[in-house]
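One-letter residues, chain by chain:
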Amino acid sequence: MPMIRRLLGGRTERGRKSLPRLDGRSTAAGVSVTPERALQVAAVFSSVRLLAETGSMLPTGVFQKSGNTRLPAMEHPLAPLLTYQANPHLDAGEFWAQVLGWMLVRGNGGVYIERNNGGAPVGLWPVAWTSVEPRRMKETGEPVWKITLDDDEWAPIRERDGLVRSENFLHFRSFGVGGAEGLSPIGMARQAVGTGYAATAYIGQFFERDASPGGIVSVPGKLSDTQWERLTRQWKDLHEGFDKAHQLAVMEAGAKWEKTTLSPADAQFLEVYKLTRAEIAGIFGVPPHMIGDVERSTSWGSGIEQQSLGYVIYSLLPWLTRLERTANRLFGDPSVYLKFNPDALLRGDTAARFAGYAQAVQWGWMSVNEVRAKEDEAPIDGGDVYLQPLNMAPLGSAAPPAQRALPGRQTRADEAETPALEDMPSWITRHYEAISAFFAEQGEHVLAQLGLRPDATAEELIDLSADNETLTEILLQLARGLAAEVGAATAASLGGAFVIEETSAALAASAAATAANVNATTVEQLRSTINLSQAPSEIQESARNMFDRMTESRARVLAQARVSSTTNFAAHEGAKHAGARTKTWRVWDANPRQTHARADGQTVDIRDEFRIGSRSGRWPHDHRLGVDEIAGCTCRLQFNL
C-alpha cells in the first residue's frame, strides 16, 4: 500500500540515500520471502512459536502505584480483558499469542478496542496487519487506521469506512527506525531466511530426485533411440528417489558408471544449513539450543539454566515490555499499569522456586501465606506474620536482643550459641505440615492400590524410588530455608557472613538419607500391618489407621528431629564461616543423661568431633551419635572465636 501511494502520488526518493531499502522480498538465493513462506523454515517457525507461546503462558496482572507502594488492582474494569477474556471469542492467553505472533512475523500487531455506549472498553479484537493501513489526518497529523477486514475476519468496527482513530486502536510495534510501522524481523533478515528456505527446498529435492549412485553411464558404441530410452527409464525406475537410493546397480552391454557429482555433505552444504539456523535464532534473539541447535549455545551461558535465564532477560522481556507499554494506553492513568510475570517460568524448577521463597520469607518481604498463595495452597494460622532475621535491626536503633543464653551463663561478644528447639516453633510447624501431607498422600496411594490389588505386598504398594525422590525434595527445601536463617544469624552474631551455597551438598545428602530411612521404615510398618488372611476391607482399614497415626504423631516427631538436626548443622556451619576456632558442648536439661553430663564443657576444634559415651559426633543430634544419644537430647553448642 505505501509503495502504491508513493507511485500514484508522484513522490520521489532523495538521491542521497545510501542505505538499501528496508522492505522488499527478493533475495540473493532467488527466493521471494513472504511471512507465510518464512514460517515454512523450521528455525523461523520455532523461534516465533517459542516467543509467542512463552509470552502468552505468563500470568498477567493489573497494578496501581501510589508513591512507593504497588498494589494489585484486579478489580479495575479493564483487568478481565487483559488477564482473562479479551473478547467473547478469545481468551487472554490466545489474545497475547496472536499479538506477539503478528509482531514477530510482520513487525506490527493491531487490536481494535470495542466500546460500549458509555465509551468504556468491553472487548479487544486482534486485527491482521495485512488488513490495516496507517494514515494521518492532514489537519492535525493524528494517526488513523484504515481497516479493511478479509472475508475470514470479523471485528465489531463501528467507524465509517473503517477509519479508526488512535483512541480505539492499539498499535503494537516491533523495533523500528522511524515511520508509522515497525520493521518486520523477517523482512529485515530476508537474505538469511531466503537462504534457509532455499536450503530446505534443495535438500527436499535432493531426496526426491536422488539417483544414487549419481554420475554418467557410458557405453561402447552408439545407442539407438529405443535403447537409450530403455536404459534411462530402467535406471530411473530402479534408483530415483530417497527410498530407492543405494540399490544394486546392474550394468549390461559393456556399460560403465562414472561418478561426477558431489553429495551435499561433501560440499559442506549441511554446514551452511546449520549456520542459517543459528543466524535465524540471532534474528529473533533466542538461544540456538531452544530451537534445536545445540552446537552454538555456549555464548548464552555455561549451562542450560544460565542460557534459559538469558532467554528470559534478553529475548522475552523486550517483547513483553513493548506489550505492556502499548496496552497501558487503555487505562488513561499513568498510575495503573499491566505487568507480565516472568517468574512463572520458574514453575518447572522446584529447587529454584523454593529457594527464592525461602529467601523472601527469611528477609521479611513475603509472608508464609503469600508464598502459599503463589503455590495455590490455603492460608494457615499465623502465616501473615513477616519475619525478621535475628541479626537485622533498623539503622541507628539499638542492637537486637542477644541470643538466649544457657542457664546461669551470659553469652560474651566473642561467643554464639545454637538456637533452642523451642525458639523454632514456626519451622517445626512447617516441617510437620509438609511431612504430614506427604504421609497423607502416600496413604491415599496405598489405599487406592489395595482397592485394586488386595493381595499386594508392602514393596508393591510403595514405590520407594519415587517416594524417596519426593520426600527428599520436600526435606531439602525446608532445610535450605531453615539453614539460611540460622546460619546467617549465627555468623552475624560472631561478626561474619554465612554462604548457604557451601552447605547445599551436605543438606541434600542429609535429606536423601532421611527420606530413604523414613520410607524404608514405612514399608516395614506396612508389611507388619497387612495381614493377607483378613478380608480386603479389614486390610484397608488397618492401612488407613497406620497412615492416620503417621500423619499425626510420626510426622510431629520427624519434624522436631529434622528441625533440631538442621539447626545444629546450620549454626555449626555459620560459626565456621564466621571464623569460630572452637566449640563447646553445653547441657541444657536440668536432668541430663550421664553421657551428656560428662560431656558438658567439653571443648574441641571447630572441625573436630565430641566424644559422647562410646560414640563421636560433631553436634547434638548428629546421626553419628546413634539413636540412644539423640533421642530426647536438648544439648546445645557454644561457638568461640
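Quick caveat: nothing in here was measured; it's all calculated off a predicted structure.

(A) Highlighting helix α16 (residues 504-529). The end-to-end C-alpha distance of α16 is 37 Å, a good match for the 38 Å that 26 residues give at a rise of 1.5 Å each. Within α16, burial applies to L507, A511, A515, V518, N519, T522, V523 and L526.

(B) How the structure looks around the nonpolar core. Formed by 63 residues in total, the largest nonpolar core has its most connected members in F439, L526, W585 and F639. Broken down by secondary-structure element, the contributors of at least two residues to this core are α13 (425-452), α14 (458-461), α15 (464-493), α16, α17 (536-577), β17 (610-612) and β19 (636-640). When residues in this core are grouped by element, the largest group, 13 residues, is from α17. Residues V41, L51, L104 and F340 belong to the second largest nonpolar core, which totals 46 residues.

(C) A look at the layout of surface pockets. The space that makes up the second largest pocket amounts to roughly 1200 Å³. Lining the second largest pocket are 44 residues, with A561, R562, S565, H621 and I630 sitting closest to its centre. Contributing elements (two or more residues each) for the lining of the second largest pocket: α16, α17 and α19 (627-630). The leading source of residues in the lining of the second largest pocket is α17, at 13 residues.

(D) Broad picture of the sheet that holds strand β9 (residues 163-165). Reading across the sheet, the three strands line up as β7-β8-β9 and stay open at both edges, with antiparallel pairing between neighbours. Each edge of the sheet is formed by a strand with only one pairing partner; in this case those strands are β7 (132-136) and β9. Within this sheet the neighbouring strands show an average axis-to-axis angle of 35°, counted without direction. Where β7 lies against strand β8 (residues 143-147), five bridges are found, and the strand directions are antiparallel. Paired with R136 across the two strands is P143, which belongs to β8.

(E) Quick look at the sheet that holds strand β10 (residues 169-173). In spatial order, the strands read β6-β5-β10; together these three strands make up an open sheet with antiparallel pairing. On the outer flanks of this sheet lie β6 (121-127) and β10, each paired with one strand and no other. Strand-to-strand twist of the sheet, defined as the mean angle between neighbouring strand axes without regard to direction, takes the value 25°. As judged from the six bridges shared by strand β5 (residues 108-115) and β6, these two strands associate in the antiparallel manner. By the bridge assignment, Y112 is partnered in β6 with W125. Its contacts with the sheet put helix α5 (residues 92-106) on β5, β6 and β10, and the angle it makes with β5 is roughly 145°.

(F) Molecular detail of helix α3 (residues 42-57). With 16 residues, α3 ought to run about 22 Å at 1.5 Å a step, and its terminal C-alpha atoms sit 22 Å apart, in line with that. Those residues of α3 that sit buried are A43, V44, S46, S47, V48, L50, L51, A52, T54, G55 and S56.

(G) Expanded view of the environment of G55. Following the sequence through the fold, G55 ends up in helix α3. Put simply, G55 and F340 are 285 residues apart on the chain and 8.3 Å apart in space, counted from C-alpha to C-alpha. Contacts of G55, omitting those with residues within four sequence positions, involve L100, L316, L320 and F340.

(H) View of the side chain of N468. Considering the arrangement of structural elements, one finds N468 in helix α15. Within polar-contact distance, the side chain of N468 engages the side chain of N519 at 2.7 Å. Setting aside chain neighbours within four positions, we find N468 in contact with A515, A516 and N519.

(I) Main features of the confidence of the model for the protein. In the predicted model, the protein carries a mean pLDDT of 75, and the fraction of residues at 70 or more is 72%. Across the protein, the secondary-structure element scoring lowest on mean pLDDT is helix α1 (residues 2-9), at 44, and the one scoring highest is β6, at 93. Below pLDDT 50 for its whole length, residues 262-270 participates in eight contacts with residues either more than four positions away or in separate chains. For residues 395-411, every residue scores under 50 in pLDDT, and the model assigns this stretch 30 contacts once sequence neighbours within four places are set aside.

(J) The arrangement of the pattern of salt bridges in detail. As enumerated under the stated definition, the model contains nine salt bridges in all. One salt bridge in this structure joins E167 and R165, with 3.2 Å as the shortest N-O distance. Residue classification places E167 among the partly exposed residues on the basis of a relative accessible area of 38%. What makes R165 partly exposed here is its relative accessible area of 38%. Ionic pairing is found between E460 and R453, a salt bridge with its closest N-O pair at 3.0 Å. Through salt bridges with shared partners, a single network forms among E142, R165 and E167.

(K) Expanded view of unusual backbone geometry. A positive phi angle, close to 60°, is found at D161, a residue other than glycine. Along the chain, D161 turns up in the loop between β8 and β9.

(L) A look at the packing of α15 against α17. At a minimum axis distance of 8 Å, the contact between α15 and α17 shows a crossing angle of 45°. Considering their axes alone, α15 and α17 lie oblique with respect to each other. Crossing handedness for the pair α15 and α17: right-handed. For the pair α15 and α17, the contacting residues are L475, A479, L482, A483, V486, G487, T490 and A491 in the first and R562, V563, T566, T567, A570, A571, G574 and A575 in the second.

(M) Layout of the pairing of β8. The loop that links β7 with its antiparallel partner β8 comprises six residues; one of these, G141, has a positive phi angle of about 75°. Judged from the three bridges that link them, β8 and β9 form a sheet pairing that is antiparallel. Pairing of W145 across the sheet is with V164, part of β9.

Rules of the game
Residues numbered from 1 in each chain as written. Predicted model: local features only at pLDDT ≥ 70, side-chain atom pairs only at ≥ 80, totals over all residues. Heavy atoms only, no water. Helix = DSSP H or I, 4+ residues; strand = E, 2+ residues; numbered from the N terminus. Expected span 1.5 Å × (residues − 1). Buried < 20%, exposed > 50% of the residue type's maximum accessible area, 1.4 Å probe, protein only. Core = buried A, V, L, I, M, F, W, Y, C linked by side-chain atoms within 4.5 Å. 1 Å grid on protein atoms, 1.4 Å probe; cavity = no way out; pocket = protein on both sides within 12 Å on 5 of 7 lines; lining within 4 Å. Points joined across faces, edges and corners; volume = space filled by probe spheres on them. Pairing = 2+ DSSP bridges. Axes fitted to C-alpha atoms, helices over the stretch in contact; angles between N-to-C directions. Contact = heavy atoms within 4.5 Å. Polar contact = N/O pair within 3.5 Å; in protein donor to acceptor, adjacent residues only side chain to side chain. pLDDT = per-residue confidence, 0-100. Salt bridge = Lys/Arg side-chain N within 4 Å of Asp/Glu carboxyl O. Parallel < 35°, antiparallel > 145°, perpendicular 65-115°, else oblique. Left-handed = near helix turned anticlockwise from the far one by under 90°.

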